[in-house]
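Reading the structure
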Amino acid sequence: MNATMPQPLKLSTFASHRWQCRWRTGLAAGLVTLLAACGGSEDAKNDPVNPPVVVTHADAKVWDISRAMGPGINFGNMFESPSEGEWGLTAKPEYIQAAWNAGFRTVRLPVRWSNHAASQFPYTIDAAFLNRVTTVVDQLLARGFHVVLNMHHHRQLDGDALDAGEFAVDEAILEERFVGIWSQIGHHLGSRSDKLLFELYNEPHGRMTASKWNTLADTTLKQVRISNKERVVVIGPASYNDPYALGTLTMPLDAYLMSTVHFYQPFAFTHQGATWVTPPQPTGVACCSAEQANVIFNGIHHAKYWSDAMGYPVLLGEFGAYSAADMTSRVTYTRLVRQSAAQANMPWAYWEFGSSFGVYDPVANTFRAELTNALIGN
Ligand code: GLC
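Conventions adopted
- Residue numbers run consecutively from 1 along every chain, following the written order of its sequence.
- Selection of residues for local features in this predicted model requires a pLDDT of at least 70, selection of side-chain atom pairs for listing and counting requires 80 or more, and totals for whole chains, interfaces and linings are taken over all residues.
- Remark: hydrogens and water are excluded; side-chain values derive from all non-hydrogen atoms of the structure.
- Nearness of a residue to a molecule or strand requires only that one of the residue's heavy atoms be within 4 Å of it.
- For the purposes of these results, a polar contact is taken to be a pair of N or O atoms within 3.5 Å, where, inside protein, one atom must be able to donate a hydrogen and its partner to accept one; residues adjacent in sequence count only when each atom of the pair is a side-chain atom.
- Using the Shrake-Rupley algorithm and a 1.4 Å probe, accessible areas are obtained, with residue cover drawn only from the displayed protein chains.
- When residues are grouped by polarity, Ala, Val, Leu, Ile, Met, Phe, Trp, Tyr, Cys and Pro land in nonpolar, Asp, Glu, Lys and Arg in charged, and all others, Gly among them, in polar.
- Here an angle of 0 to 180 degrees is reported between the N-to-C directions of two axes, which are lines fitted to C-alpha atoms, with helices fitted over the stretch in contact.
- The way it works is that DSSP assigns letters per residue, a run of H or I at least four long becomes a helix, a run of E at least two long becomes a strand, and they are numbered from the N terminus.
- Any angle that falls under 35 degrees is termed roughly parallel, while one over 145 is termed roughly antiparallel, one within 65 to 115 roughly perpendicular, and all others oblique.
- Two helices crossing with the near one rotated counterclockwise from the far one by less than a right angle form a left-handed crossing, whereas a clockwise rotation gives a right-handed crossing.
- Contact between two residues is taken to exist if any of their heavy atoms lie within 4.5 Å; hydrogens are not considered.
- In this scheme, a residue with accessible area under 20% of its type's maximum is buried, one over 50% is exposed, and one in between is partly exposed, where area comes from a 1.4 Å probe on protein chains only.
- Handedness of a crossover: with both strands directed away from the viewer, a clockwise path from the first strand across the helix to the second marks it as right-handed.
- Note on pairing: DSSP must find at least two bridges between two strands before they are called paired.
- Residues grouped as a nonpolar core are buried Ala, Val, Leu, Ile, Met, Phe, Trp, Tyr and Cys residues, joined through side-chain atoms within 4.5 Å.
- By arc we mean the arc of the directions from the helix axis to the C-beta atoms, nothing more.
- Note on aromatic contacts: the rings of Phe and Tyr and the six-membered ring of Trp form a pair at centre separations within 6.5 Å, being stacked when their planes are under 30 degrees apart, edge-to-face when over 60 apart, and tilted otherwise.

All right, on to the site of the ligand then. Close to the ligand lie H152, H153, N202, E203, Y264, H271, W276, E318, W351 and F357. One of the side-chain N or O atoms of W276 is found 3.2 Å from an oxygen atom in the ligand. For the ligand, the accessible surface in isolation is 300 Å², of which the surrounding protein chains cover 86%. Across the shell around the ligand, the residue classes tally to four nonpolar, four polar and two charged.

Bringing the packing of helix α4 (residues 93-102) against helix α5 (residues 127-143) into the picture now. Running from amino to carboxyl end, α4 crosses α5 at an angle of 30°, the nearest separation of the two axes being 10 Å. Overall, the two elements α4 and α5 adopt an arrangement that is roughly parallel. Along this stretch, α4 crosses α5, giving a crossing that reads as right-handed. In this structure, α4 contributes P93, I96, Q97 and W100 to the contact, and α5 contributes Q139, L140 and R143. Each residue belonging to the contact of α4 with α5 can be placed in one class, and the counts come to four nonpolar, two polar and one charged.

Moving on, we come to unusual backbone geometry. Most peptide bonds take the trans configuration, and most residues that are not glycine carry a negative phi. Of the consecutive residues F121 and P122, the connecting peptide bond is found in the cis state with omega at 5°. Residue placement: P122 occurs in the loop between β5 (106-109) and α5. The omega torsion across C287 and C288 is 10°, close enough to zero to call that bond cis. At H153, a position not held by glycine, the phi torsion is positive, near 50°. Along the polypeptide, H153 turns up in the loop between β6 (146-150) and α6 (155-158). Positive phi, close to 45°, is recorded for E203, a residue that is not glycine. By secondary structure assignment, the location of E203 is in the loop between β7 (196-199) and α8 (210-227).

As a further point, take the pairing of β6. With five of its five residues buried, β6 lies for the most part within the structure. Assessed by its sense of winding, the connection that carries the chain from β5 through α5 to β6 is right-handed. Sheet analysis places β6 next to β7, joined by four bridges and oriented parallel. Looking at β7, one finds that N150 is bridged to E199.

F75, L109, W113, L149, W213 and L316 are the most contacted members of the largest nonpolar core, which totals 100 residues. In contact with L316, other than residues within four places in its own chain, are V261, F263, I300, V337, A341, M346, P347, W348 and A349.

Working note: α-helix, 3.6 residues per turn, so residues spaced by three or four point in the same direction. Buried residues of helix α3 (residues 60-68): K61, V62, I65 and S66, and no others. Looking down the long axis of α3, one finds its buried residues gathered within 140° of arc, a one-sided arrangement. One or two residues past the end of α3 sits G70, with phi positive at roughly 65°.

Moving on: the packing of aromatic side chains. Taken as a whole, this structure holds 21 aromatic pairs when the rule is applied. Taking 5.7 Å as the distance between ring centres and 90° as the angle between the ring planes, the aromatic pair formed by F178 and Y201 counts as edge-to-face. You can see F178 sitting in helix α7 (residues 174-189) and its partner Y201 sitting in the loop between β7 and α8, a full 23 residues away along the chain. Residue classification places F178 among the buried positions, given a relative accessible area of 0%. Relative accessible area serves as the criterion here: at 0%, Y201 is assigned to the buried category. Measuring from centroid to centroid gives 6.3 Å for F178 and W213, while their planes differ by 85°, and the two rings are edge-to-face. Pair noted here: F178 is in helix α7 and W213 is in helix α8, with a separation of 35 residues, a long-range link. With respect to class, F178 is no different from W213; both count as buried.

Take the pairing of strand β9 (residues 257-262) next. Most of β9 sits out of view: six of its six residues are buried. Residues of β9 alternate between two faces, with L257, S259 and V261 on one and M258, T260 and H262 on the opposite face, all of them buried. Note that strand β8 (residues 233-235) and β9 share three bridges and pair parallel. Bridged to V234 within β9 is M258. Bridging between β9 and strand β10 (residues 314-318) involves four bridges; their strand directions are parallel. Within the sheet, the bridge partner assigned to H262 lies in β10 and is E318.

Put into structure tokens, the structure is as follows:
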């Protein structure tokens, strides 16, 4: 290639640049072009090898993965409880097989790493725990699933009260420890196939404001990239991964990213009777009126518009209705959300497998047919 020809600016080139760029987002025909307004020296501005224009969006591989993910299910209340089994479920091989047989093709695996790593540098993850999670990840991958492995319920990071059995660490090292834990996960699982995705953090909120989260996500991603050059990393917005908070999310300059949102609207319906919600939502709320259906459609399409504009796929990583709602309404709601996501070409994962939102009854060892059919059927 002619050395004087303008060439695409590679990420590595950009990272090593000695001058700073401010980023401006321009929306043009559904494509986002990021124009660098660079305040460096004149020679850098005119440098023909590194023109100050970058187009950023997900690599085609990320889109291929998002299309291949298929119906997804959260293996919730297993590894994100203070210890596996404390919230009633463990990740049994028969659940993996059952989920596959039912037609799910992605498993999101929420994990409370913060409870299983040392409080002092280098924040070593407990070997038995790391091996246990790795075993389940490998079983899922061997079965054929895409796996979204995340960091879930880091209570102290969000400034929430700790659960019984949790320990706090020195505030000064909280974020460094977060990055250190991800660095270890990255090195440990770096050799796994592209079907393994890393999701940096579930529902940042409270003390983890958008600006803090944007910075922490960027720093963490850089560490993860040392061992996982092209693995898809999933980053959702602050405010509990609310689709309407996507505008506050700064995606790091990286082509192997996906975003994610959680959608529990209409909340008065999905969380009625849920013991962990304050104030408690009264029971007896049905779904879905035309107005409720609009709320669902609009929320999901808001995420789609962001996805189209920014050029990154968005995973609908959680949606579902708690078991205190009537089953007919839950089935209607579940089908409606799933159809809206399909219409928006968004991969999705239902919350969750076998607990209080569950599609599976772990006592009878059977799927709840209507609910499962609302996800997998017509
Ligand atoms: C979030 C929480 C999870 C909860 C779910 C439904 O994912 O992390 O614990 O069960 O939302 O409220």
